[in-house]
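Residue strings, one per chain:
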Amino acid sequence: MAEFTLHDLQCFDAVVRTGGFQPAAAMLYRSHPAVFAAVAKLERQLGLILLDRSGYRVRPTEAGLSFHRRTLSLLRELDGLRVHAAQLAMGEESEIHVVIGDLCPRPHVLGMLGRFFAQCPGTRLHLHFEAVGGPWERLFDDEADLILHWVDKGDARVEWVDLCKVSFIPVVAPGFLPERIEQPITLDQMQALTQCVMRDSARHSPQQNYSLIEGAPQCLVADQGMKKEIILQGLGWGHLPRFLIEEELHDGRLQSIAGRHLPGRTDELVVARRRDRPHGPIANRLWDHIQQEAPALRRALEPSRPAGQIPTNLSRKAQVETGR
C-alpha cells in the first residue's frame, strides 16, 4: 500500500464535512480539481471506495464512515501538536487578559490573581468585568486568555476546571411583598412586582436572561453590587449569589422567598480557556495556580448559616416591625 499524506486526509475530511468537493475546496482554500484528485488518490492507495458519488451530495460509504472516524482522531492529534509547538516557541507574555464574570466572589478571585501576578512583574494583567454572556463573547473573540465564569461544558472548543458552586437565592427586603401575597409564592404573584435583572454585557451575541419572569417590570443593572443595593432599598426583588448576602440573610435585612415555584438555582464557577489556541508559559502557570487555589475558594464559599426564609406564621405587619 502506498503512503498517503495528511493533505489527502484533510481533503477527505473536508468532503465528508461539507458533502461535496466544491464546498470542501472552498473550506480548504484549494481548487476543486486538487481536492478531487487527493481523495481519488487516497481511495486508490487504500484500495477502498470511501465516497458514494451517485447522489446530489457526496456521502461516505460504510467503509468511508469507519475510516473517517479514525481520520478525525489523527487530525485532532495534529492540531494538538501544532498548538503545543506554538506554545514551546512562545516566550513569556508581556500581558495577560483575564475576564471576571458576574458569578465570581470578587475579593477572593482578585486576591488569587494578585498573589500570582505579584510574582510576575514582567507581565501586565488586563482585567475585564463582564456579565451573563459577556465573558464567553470575549473568549471567542480572542480578547481573553481565560475567563472565570460558567461555561457550556459540551463545547469542544474550551477546556475548563471546576472551581466551586455558586448558589443564587431569590430575595426581597422586609416589607417589599404586598399583604395579599400568600405562601407558597407563585410566579403569577410576583409578575406585578419589579424584578431586578443583570444586564447581559455581550455586544453582538444573542442576549441571555436567567430566572426572568416574562411580562414583569424590570430594573436592569450592570453588576451584582448594584443589584443587591436596589433590593436592599426595597426597589425590586431578584436572585443574588449567596456569598454576597450571607450577613443580610442572617440579620434580616434580606429574606429568602425560595420555594416550590421559586427554587433559586446553582451555577458552576469555572476557569476556562480555548482548547484550540496556544497558551504561553505565564498563562499556563496562571492556569495551574488557579487550580491549586480552587479548594480554598470552595471552603471560603461554604454557607455558614441556612438562608433566612419569610416566616409563614407571622403577619406581614409583624414581619416588618420585627425586621425579619
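Fair warning: this is a prediction, and the values are worked out from it, not measured in the lab.

## A closer look at the overall build of the protein
Step number 1: The helix and strand tally for the protein stands at 11 helices and 11 strands.
Step number 2: Taken over C-alpha atoms, the radius of gyration comes to 27 Å for the protein, far larger than the 20 Å a tight globule of 324 residues would show.
Step number 3: Judged by the C-alpha coordinates and their principal axes, the protein covers about 85 × 55 × 30 Å.
Step number 4: The buried share among the 324 residues of the protein stands at 45%.
Step number 5: By sequence separation, contacts in the protein at least 24 residues apart represent 72% of the contacts at least 6 residues apart.
Step number 6: Once the 38 positive and 40 negative side-chain charges of the protein are each reduced to a mean point, those two points are 2 Å apart.

## Overview of helix α5 (residues 106–117)
Given 3.6 residues to a turn, an α-helix orients residues that are three or four positions apart in the same direction.
Step number 1: When the terminal C-alpha atoms of α5 are compared, their 16 Å separation across 12 residues agrees well with the 16 Å that a helix rising 1.5 Å per residue should span.
Step number 2: Next to the buried residues of α5 lie β3 (95–100), β4 (124–129), β5 (146–149) and α10 (281–300).

## Let's talk about the side chain of Glu 43
Step number 1: The topology assignment puts Glu 43 in helix α3 (residues 32–46).
Step number 2: Residue class for Glu 43 comes out buried when judged on its relative accessible area of 12%.
Step number 3: There is a polar contact of 2.8 Å between the side chain of Glu 43 and the backbone nitrogen of Leu 50.
Step number 4: If sequence neighbours within four positions are ignored, Glu 43 has contacts with Leu 48, Ile 49, Leu 50, Leu 51 and Arg 53.

## So, the nonpolar core
Step number 1: Membership of the largest hydrophobic core comes to 38 residues, with the highest contact counts inside it found for Leu 148 and Leu 286.
Step number 2: Put simply, the parts of the chain that give this core at least two residues each are β3, α5, α6 (134–140), β5, β6 (158–172), β11 (265–274) and α10.
Step number 3: With 7 residues, α10 is the single largest residue contributor to this core.
Step number 4: Leu 9, Ala 14, Ala 24 and Val 39 belong to the second-largest nonpolar core, a separate cluster that totals 18 residues.

## So, the layout of surface pockets
Step number 1: What the largest pocket holds in volume is close to 640 Å³.
Step number 2: Lining the largest pocket are 24 residues; nearest its centre among them are Leu 75, Arg 76, Asp 79, Gly 80 and Asp 276.
Step number 3: At the level of elements, α1 (6–18), α2 (21–28), α4 (62–89) and β11 are the ones that each hand at least two residues to the lining of the largest pocket.
Step number 4: In terms of residue count, α4 provides more of the lining of the largest pocket than any other element does, 9 residues in total.
Step number 5: A breakdown of the residues in the lining of the largest pocket according to their chemical character gives 8 nonpolar, 4 polar and 12 charged.
Step number 6: Of the voids in this model, the second largest pocket is the one considered here, and its volume is about 300 Å³.
Step number 7: Contributing to the lining of the second largest pocket are 22 residues, with Asp 102, Val 132, Met 198, Tyr 210 and Arg 265 lying nearest its centre.
Step number 8: Counting only elements with at least two residues in the lining of the second largest pocket, the list comes to β7 (195–198), α8 (224–232), β9 (238–241) and β11.

## Here's the deal with the confidence of the model for the protein
Reading predicted coordinates in detail is not appropriate for stretches of low pLDDT.
Step number 1: Averaged over the protein, the pLDDT score is 87; the fraction of residues at 70 or greater is 91%.
Step number 2: Confidence drops under pLDDT 50 across residues 311–324; counting only partners more than four residues distant or on other chains, this segment forms 21 contacts.

## Quick word on the pairing of β7
Step number 1: Across the two faces of β7 the burial is the same, with Gln 195 and Val 197 and Cys 196 and Met 198 all buried.
Step number 2: In this sheet, strand β8 (residues 218–221) lies alongside β7 in parallel orientation, the contact comprising 4 bridges. Note on β8: the bridge partner recorded for Gln 195 is Gln 218.

## Side note on α3
Step number 1: Counted at 1.5 Å a residue, the expected span for α3 with its 15 residues is 21 Å, and the 22 Å between its end C-alpha atoms agrees.
Step number 2: Directly after α3, the chain includes Gly 47, whose backbone phi takes a positive value near 70 degrees.

## Examining the pattern of salt bridges
Where charged atoms of side chains with opposite charge meet at close range, the side chains can pair.
Step number 1: Across all of its chains, the model carries 23 salt bridges by this definition.
Step number 2: The closest approach of N and O atoms between Asp 13 and Arg 17, which form a salt bridge, is 2.8 Å. Here the residue Asp 13 and the residue Arg 17 both occupy positions in helix α1, the gap between them amounting to 4 residues, near one helical turn.
Step number 3: Overall, Asp 13 belongs to the buried group, its relative accessible area being 8%.
Step number 4: Overlapping salt bridges bring together Glu 130, Glu 137, Arg 138, Asp 141, Glu 143 and Arg 203 as one network.

Cut-offs used in this document
Residues numbered from 1 in each chain as written. Predicted model: local features only at pLDDT ≥ 70, side-chain atom pairs only at ≥ 80, totals over all residues. Heavy atoms only, no water. Helix = DSSP H or I, 4+ residues; strand = E, 2+ residues; numbered from the N terminus. Rg over C-alpha atoms; globule rule 2.2 N^0.38 Å. Buried < 20%, exposed > 50% of the residue type's maximum accessible area, 1.4 Å probe, protein only. Contact = heavy atoms within 4.5 Å. Lys, Arg positive; Asp, Glu negative; His and termini not counted. Charge placed at Lys NZ, Arg CZ, Asp CG, Glu CD. Expected span 1.5 Å × (residues − 1). Polar contact = N/O pair within 3.5 Å; in protein donor to acceptor, adjacent residues only side chain to side chain. Core = buried A, V, L, I, M, F, W, Y, C linked by side-chain atoms within 4.5 Å. 1 Å grid on protein atoms, 1.4 Å probe; cavity = no way out; pocket = protein on both sides within 12 Å on 5 of 7 lines; lining within 4 Å. Points joined across faces, edges and corners; volume = space filled by probe spheres on them. Nonpolar A, V, L, I, M, F, W, Y, C, P; charged D, E, K, R; others polar. pLDDT = per-residue confidence, 0-100. Pairing = 2+ DSSP bridges. Salt bridge = Lys/Arg side-chain N within 4 Å of Asp/Glu carboxyl O.

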